[in-house]
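# Secondary and tertiary structure notes
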Amino acid sequence: MHPTTWERTVCRVCGAGGLARVLSLGEMPPANALRAPAELTNPEVRFPLALALCEACGMVQLGHVVSPELLFRSYLFVTSSSQRMSEHFSALMAAAVDEHVPASGGLVVEIGSNDGTGLSSIKRRDVRVLGVDPARNIAVLAAAREVPTIPEFFTEALAAEIVRTAGAASLVVACNVLGHIDDLHDVCRGIRTLLAPRGALVFEVPYLQDLVDLSAYDAIYHEHLSYFAVRPLVKLLNENGLRLERVEFFPVHGGTLRGTAVHGRGCAPAVEAVLSKELETGLARRATFDAMATRVEDHRRGLRTALTELRERRIKIAGYGAPAKGTVVLNHCGLGVDLLPFVVDSTPAKQGLHVPGTHQLIRPPSVLADEKPDVLLLLAWNHAGEIREREAAFLARGGRFLLPHSPASWCEPPAQSASR
Ligand code: DWN
Ligand code: ZN
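Residues numbered from 1 in each chain as written. Chains lettered and ligands numbered in written order. Predicted model: local features only at pLDDT ≥ 70, side-chain atom pairs only at ≥ 80, totals over all residues. Heavy atoms only, no water.

## A closer look at the overall build of the protein
Looking only at helices and strands, one finds 14 helices and 18 strands in the protein. Its C-alpha atoms give the protein a radius of gyration of 22 Å, near enough to 22 Å, the size a compact globule of 420 residues would have. Dimensions of the protein, computed from the C-alpha atoms along their principal axes, are close to 65 × 45 × 45 Å. Among the 420 residues that make up the protein, the fraction classed as buried is 56%. Within the protein, contacts between residues at least 6 apart in sequence are counted, and of these 70% link residues at least 24 apart. (Helix = DSSP H or I, 4+ residues; strand = E, 2+ residues; numbered from the N terminus. Rg over C-alpha atoms; globule rule 2.2 N^0.38 Å. Buried < 20%, exposed > 50% of the residue type's maximum accessible area, 1.4 Å probe, protein only. Contact = heavy atoms within 4.5 Å.)

## Brief notes about the sheet that holds strand 14 (residues 317-320)
With parallel pairing, the five strands of this open sheet are ordered in space as 16-15-14-17-18. Each edge of the open sheet carries a strand with a single partner, namely strand 16 (361-363) and strand 18 (400-402). The sheet shows a mean angle of 35° between the axes of neighbouring strands, direction not considered. As paired strands, strand 14 and strand 15 (residues 342-344) are joined by two bridges and run parallel to one another. Looking at the pairing, tyrosine 320 lines up with valine 344 of strand 15. (Pairing = 2+ DSSP bridges. Axes fitted to C-alpha atoms, helices over the stretch in contact; angles between N-to-C directions.)

## Some remarks on the environment of alanine 293
Relative to the helices and strands, alanine 293 resides in helix 10 (residues 286-312). The contact partners of alanine 293, leaving out residues within four places of it in the chain, are Val22 and Leu23.

## Some details on the coordination of the zinc ion (ligand 2)
Bound to the zinc ion (ligand 2) are the protein donor atoms Cys11 (SG), Cys14 (SG), Cys54 (SG) and Cys57 (SG), situated 2.3 Å from the metal. Classification of the site at the zinc ion (ligand 2) as tetrahedral follows from its four donor atoms and the range of 101 to 115° in their angles at the metal. The sequence pattern formed by the donor residues of the zinc ion (ligand 2) is C-x2-C-x39-C-x2-C. Highlighted residues: cysteine 14 in the loop between strand 1 (5-7) and strand 2 (20-28) and cysteine 54 in the loop between strand 3 (47-53) and strand 4 (60-62), separated in sequence by 40 residues. For cysteine 14, a relative accessible area of 28% gives the class partly exposed. (Donors = N, O, S within 2.8 Å, 3.2 Å for Na, K, Ca; no water. Tetrahedral: all angles 85-135°; square planar, octahedral: opposite > 155°, others 65-115°.)

## Concerning the packing of aromatic side chains
The full count for this structure, using the stated rule, is four aromatic pairs. With 5.9 Å between their ring centres and 55° between their planes, phenylalanine 72 and tyrosine 75 make a pair best called tilted. Assigned by exposure class, phenylalanine 72 and tyrosine 75 land together as buried. With centroids separated by 5.2 Å and ring planes inclined at 65°, the aromatic side chains of phenylalanine 394 and phenylalanine 401 adopt a geometry described as edge-to-face. Residue phenylalanine 394 is classed as buried on the basis of its relative accessible area of 3%. Overall, the relative accessible area of 6% leaves phenylalanine 401 in the buried class. Put simply, the rings of Tyr320, Phe394 and Phe401 touch in pairs and so form one group of aromatic residues. A cation over a ring is seen here: arginine 363 above phenylalanine 342, with NZ or CZ 4.7 Å from the ring centre. (Phe/Tyr/Trp six-rings, centres within 6.5 Å; stacked < 30°, edge-to-face > 60°. Lys NZ or Arg CZ within 6 Å of the ring centre and 35° of its normal.)

## Regarding the nonpolar core
Taken as a class, soluble globular proteins show a tendency for nonpolar side chains to be buried jointly. Formed by 98 residues in total, the largest nonpolar core has its most connected members in Phe203 and Ile220. At six residues, helix 10 tops the list of elements feeding residues into this core. Phenylalanine 203 has contacts with Ala174, Leu178, Leu233, Leu237, Leu244, Leu257, Arg258, Gly259 and Thr260, leaving out every residue within four places of it along the chain. Formed by 19 residues, the second largest nonpolar core is a distinct cluster that contains Met85, Ala96, Val97 and Leu119. (Core = buried A, V, L, I, M, F, W, Y, C linked by side-chain atoms within 4.5 Å.)

## Focus on the sheet that holds strand 8 (residues 149-150)
Spatial strand order, 8-7-6-9-10-13-12: seven strands in an open sheet with mixed pairing. Whereas interior strands pair on both sides, the edge strands pair on one side only; in this sheet they are strand 8 and strand 12 (242-250). Across two bridges, the pairing between strand 7 (residues 128-132) and strand 8 is parallel. Paired with valine 132 across the two strands is isoleucine 150, which belongs to strand 8. Against the sheet, helix 2 (residues 83-100) makes contact with strand 6 (107-111), strand 9 (169-175), strand 10 (195-206), strand 12 and strand 13 (256-263), and its axis sits at roughly 155° relative to strand 9, the strand it touches most. Packed onto the sheet, helix 6 (residues 184-194) meets strand 6, strand 9, strand 10, strand 12 and strand 13 and runs at close to 145° relative to strand 10.

## Examining the confidence of the model for the protein
For the protein, mean pLDDT is 94; residues scoring 70 or higher make up 96% of the total. Between residues 411-420, whose pLDDT stays under 50, and residues either more than four places distant or in other chains, the model counts 20 contacts. (pLDDT = per-residue confidence, 0-100.)

## Brief notes about helix 2
Compared with the 26 Å implied by 1.5 Å per residue over 18 residues, the 26 Å span of helix 2 between its first and last C-alpha is a close match. Among the residues making up helix 2, those that are buried are Met85, Ser86, His88, Phe89, Leu92, Met93, Ala96, Val97 and His100. Burial along helix 2 is one-sided: seen end-on, the buried residues are contained in an arc of 160°. Contacts from the buried residues of helix 2 go to strand 6, helix 3 (117-120), strand 9, strand 10, strand 12 and strand 13. The N-capping residue of helix 2, defined by a side-chain oxygen 3.3 Å from the backbone nitrogen of arginine 84, is serine 82. (Expected span 1.5 Å × (residues − 1). Arc of directions from axis to C-beta. Polar contact = N/O pair within 3.5 Å; in protein donor to acceptor, adjacent residues only side chain to side chain.)

## Quick notes on the side chain of threonine 117
Mapped onto the elements, threonine 117 comes out in helix 3. Leave out the neighbours within four places in its chain, and threonine 117 touches Thr79, Ser80, Ser86 and Arg145.

## What about unusual backbone geometry?
One non-glycine residue, histidine 253, lies in positive phi territory at about 50°. By secondary structure assignment, the location of histidine 253 is in the loop between strand 12 and strand 13. Residue histidine 253 is classed as partly exposed on the basis of its relative accessible area of 25%. Non-glycine residue arginine 314 carries a positive phi angle of around 55°. Summarising the element assignment, arginine 314 is placed in the loop between helix 10 and strand 14. Here arginine 314 falls in the exposed class, since its relative accessible area comes to 70%.

Here it is in structure tokens:
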């Protein structure tokens, strides 16, 4: 039996104690614990959600760990829900295979391979692919794409087993997964074990500097245990025999850092330049997060006021997307069904369920044609471009999207109901 939650009092990168609590979002249900209608009256679990800063190494992290068994064994988010993200991962895979997998072929292992979107894109090439993902329901989707997937958590022990049965990997890919793992040293040792001598790790993580700059507090939830800056990343990789060779930045998911690491120590000079920039911007300072906490509070008040005004003006509003980040915004701002009656999401497995804590019913986007909301709160704001294209009919009849956490770019609500 696994405990449901535990507290971590030392830094998950450098082991220092005395972590400084820098931003608290109170108690929050797990962001992806969508609720079936029959469960709505049952008591709902909530766990503390607060950022802590290790002033020794600059690592920003959660102090409370919710059991990964509870969070990840059955999972609703599928990578293929976004066409743009599917293209992003296909491009990543193609470039990484060209650069790191020998022409004679090799093994590519993806940690957190989800529904196999990334690996299936390189299946036609002369490579063997293997996914690792603990979500058993999603491994089934990967199997349908003919991506062999080990439905387990990636650990050093599993890495040794893969080497024994399939050989070392030319390429290990880990996108949006390092931040989800409590024991970062174990996972890095596992990657080192798995990588062939000239192999490479290509990973993506949301970049802390972007999270701070956008005040994107909705990226903070129990699944995300770590919020990476480059400085602690270099330390973590180095301590486990990996050298950070390259960092690149992409405007996806609100700001993503892509790193390439190889066997070795230290980091490339271009990475040093990013480290200096982080020092300049004070990314590892308490004051940075105190200022962000103030902005988050302003946002909370601003969004509640905006939605209350819309309701008073009888302007019809709904939410677009039921992403994990949406659960955070709705719960932190206290936006119940009185202010936001329902949300829509294109993921079939989410439809018919309710948002944790605030209980909006998740409906398919097709209902918008009948419901005719005037304003859609864009909870999946990171997919704005794709969603605007998909919802051209909503925009054409005068509908407006409201962005949840940048008050300056909120759209002006329409002067009168577009549904009339
Ligand atoms: O790290 C994580 C990231 C990368 O993905 C996870 N822990 C979980 C997940 O976070 P999320 O749930 O906030 O991800 P998304 O990609 O922002 O979720 C978007 C949601 O919006 C999905 O439920 C699908 C939906 N959607 C839609 O309804 N129509 C998305 C698109 C593009 C659309 O057109
Ligand atoms: Zn530390």
